[in-house]
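One letter stands for each residue in the lines below.
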Amino acid sequence: MDFKKLGNTAVEIPAVGIGTWEMGGGSSPDTSTDAEGIRAIRRAIELGMTLIDTAEKYADGHAEELVGEAIQSFPREQLFIVSKVWPDHLQYDEVIKAAERSLKRLRTDRLDLYLIHHPNPDVPLKETVAAMEKLVERGMVRFIGVSNFDVAQMEEARSCLTRNEIVVNQLPFSLLDREIEKEKLPYCLKNQITVMAYWPLSRGRLARDKFLEETGKKYGKTAAQVALNWLTARENVIAIPKAVNMEHLEQNAGAAGWRLSGEDIQSISDHFR
Ligand SMILES: NC(=O)c1ccc[n+]([C@@H]2O[C@H](COP(=O)([O-])OP(=O)(O)OC[C@H]3O[C@@H](n4cnc5c(N)ncnc54)[C@H](OP(=O)(O)O)[C@@H]3O)[C@@H](O)[C@H]2O)c1
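What counts, and where the lines are drawn
Residues numbered from 1 in each chain as written. Predicted model: local features only at pLDDT ≥ 70, side-chain atom pairs only at ≥ 80, totals over all residues. Heavy atoms only, no water. Salt bridge = Lys/Arg side-chain N within 4 Å of Asp/Glu carboxyl O. Helix = DSSP H or I, 4+ residues; strand = E, 2+ residues; numbered from the N terminus. Buried < 20%, exposed > 50% of the residue type's maximum accessible area, 1.4 Å probe, protein only. Core = buried A, V, L, I, M, F, W, Y, C linked by side-chain atoms within 4.5 Å. Contact = heavy atoms within 4.5 Å. Pairing = 2+ DSSP bridges. Right-handed = clockwise from strand over helix to strand, strands pointing away. Near = heavy atom within 4 Å. Polar contact = N/O pair within 3.5 Å; in protein donor to acceptor, adjacent residues only side chain to side chain. Areas by Shrake-Rupley, 256 points an atom, 1.4 Å probe, with all protein chains shown as cover. Nonpolar A, V, L, I, M, F, W, Y, C, P; charged D, E, K, R; others polar. Axes fitted to C-alpha atoms, helices over the stretch in contact; angles between N-to-C directions. Parallel < 35°, antiparallel > 145°, perpendicular 65-115°, else oblique.

Visitor: Which residues make up the pattern of salt bridges, and what values go with them?
Guide: In total, this model carries 22 salt bridges according to the counting rule given. When the shortest N-O distance is used, the salt bridge between Asp 109 and Arg 110 registers 3.4 Å. Of the charged contacts in the structure, one is a salt bridge between Lys 218 and Asp 264, with a shortest N-O distance of 2.8 Å. Of this pair, Lys 218 sits in the loop between helix 7 (210–217) and helix 8 (223–232) while Asp 264 sits in helix 10 (residues 262–271); the two residues are 46 residues apart in sequence, bridging distant segments of the chain. The exposed category is assigned to Lys 218, whose relative accessible area is 61%. With relative accessibility at 7%, the residue Asp 264 sits in the buried group. The structure contains a network of salt bridges with shared partners spanning Arg 42, Glu 69 and Arg 107.

Structure below.
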């Protein structure tokens, strides 16, 4: 696995992690596939994808419970656990309570990274950020970040912080969705904010792309691996593909540890422009 610097910190995180949306259900819990989800998270960790992305919203908390079950057999310090607070819970007390619930479901005493899942214009960002800083002070959260924030919202969040930095913005980014290249990605690069790319495989579509498949043949890699390598070739970008299929997991882990040539990165960029 390749590692990348987290924001402006000295901490290193894997270039490819694992997402957990749709593990343990969609918007509500579905326990019928629990074993599959737990097995996938464990396999991801064994393969080096030790960054696990989840959220209180996923399966209404059940995705966090699956992560909690899966991680018990691994040394905690080897893992980087990310969760997110939903926009309904951005008032000061609600943030604290949401984090406490997440920790309980995850069966751990700290989150490595806690993100505001989406902005909520009805709650002053200053209030939310103050609660996030309190969580850091209490040792319940190591680092703070945001998700789905535009440049103005990132600026505001950064200006509200007094003792911490925004180290991550989790945003949609793939060869089929390059909107962030216009403003958000350059802003993050300039300000040492790591971009955590979600929907990195465009929900699986890119794994079936013929152009990527052809490019991958030169390297002995699949289309999905090329798509993920194209993303993580950016200095401040990591990817969090979700997979439960064992073959998919192995491919995604193998998307790191090698590099597309500059020429191929350019031709892929041009092809999908
Ligand atoms: N912050 C936010 O607002 C936000 C929004 C959406 C998502 N996210 C996070 O980002 C993660 C990733 O997004 P996503 O799960 O929606 O989409 P995704 O990672 O782009 O795609 C997941 C789909 O691709 C398939 N897949 C994975 N690896 C593959 C491979 N190597 N070859 C072929 N197919 C493959 C998976 O199948 P199998 O599962 O069958 O293996 C699954 O159907 C989420 O799980 C979540 O943690 C965050």
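Visitor: So what's going on with unusual backbone geometry? Which residues, and what values?
Guide: Among all residues save glycine, negative phi is the norm, and among peptide bonds the norm is trans. In this structure, Asn 148 takes a positive phi of about 60 degrees despite not being glycine. With relative accessibility at 18%, the residue Asn 148 sits in the buried group. Phi is positive for Trp 199, which is not a glycine, with a value near 55 degrees. Looking at where Trp 199 falls in the secondary structure, it is placed in the loop between strand 9 (194–198) and helix 7. On the basis of relative accessible area, Trp 199 is assigned to the partly exposed category, the value being 45%.

Visitor: I'd like a rundown of the nonpolar core, residues and numbers included.
Guide: In a soluble, globular protein the nonpolar side chains are often hidden away together inside. Residues Tyr 114 and Leu 212 are the most contacted members of the largest nonpolar core, which totals 75 residues. Discounting chain neighbours no more than four positions away, the residues touching Tyr 114 are Ser 83, Lys 84, Val 85, Val 95, Ala 98, Ala 99, Met 132, Leu 135, Val 141, Phe 143, Ile 144 and Gly 145. Listed in part, the 15 residues of the second largest apolar core include Leu 6, Leu 51, Val 82 and Phe 143.

Visitor: Please give an account of the pairing of strand 9 that cites residues and values.
Guide: Taken across its 5 residues, strand 9 has 5 buried, putting it largely inside the fold. Judged by which residues are buried, strand 9 turns out to be covered on both faces: Thr 194, Met 196 and Tyr 198 on one side and Val 195 and Ala 197 on the other are all buried. Examined bridge by bridge, strand 8 (residues 166–172) and strand 9 share 5 bridges and lie parallel to one another. Paired with Gln 170 across the strands is Met 196, a residue of strand 9.

Visitor: If you had to explain the pairing of strand 8 to someone new, which residues and values would you point to?
Guide: One face of the sheet, then the other: side chains in a regular strand alternate in exactly this way. By the criterion of burial, strand 8 is predominantly enclosed, with 7 of the 7 residues buried. Pairing between strand 7 (residues 141–147) and strand 8: 3 bridges, direction parallel. Its bridge partner lying in strand 8, Ile 144 is registered against Ile 166. Note on the crossover from strand 7 through helix 5 (residues 151–160) to strand 8: the handedness is right-handed.

Visitor: Give me the site of the ligand: which residues, what numbers.
Guide: Close contacts around the ligand come from 29 residues, with Asp 53, Ser 147, Lys 242, His 248 and Asn 252 the closest. Separating an oxygen atom of the ligand from a backbone N or O atom of Ser 202 is a distance of 3.4 Å. Contact with the protein chains covers 88% of the free accessible surface of the ligand, which is 910 Å². Ranked by residues supplied to the shell around the ligand, first place goes to helix 9 (residues 246–253) with 3 residues. When grouped by side-chain class, the residues that make up the shell around the ligand number 12 nonpolar, 13 polar and 4 charged.

Visitor: Please provide a residue-by-residue account of the packing of helix 2 (residues 62–71) against helix 3 (residues 92–106), values included.
Guide: Viewed as axis vectors pointing N to C, helix 2 and helix 3 meet at an angle of 45 degrees, and their least axial separation amounts to 7 Å. If you check the angle between helix 2 and helix 3, you find them oblique. Touching Glu 64, Glu 65, Val 67, Gly 68 and Ile 71 of helix 2 are Ser 102, Arg 105 and Leu 106, all from helix 3. Of the residues assigned to the contact of helix 2 with helix 3, the class counts are 3 nonpolar, 2 polar and 3 charged.

Visitor: Help me get a handle on the sheet that holds strand 5 (residues 80–85), residues and values and all.
Guide: An order of 3-4-5-6-7-8-9-10 is seen for the 8 strands of this open sheet, with the pairing classed as parallel. Either end of the sheet is taken by a strand with one partner, and the two such strands are strand 3 (18–19) and strand 10 (237–239).

Bear in mind that shape data such as this cannot, by itself, settle questions of function.
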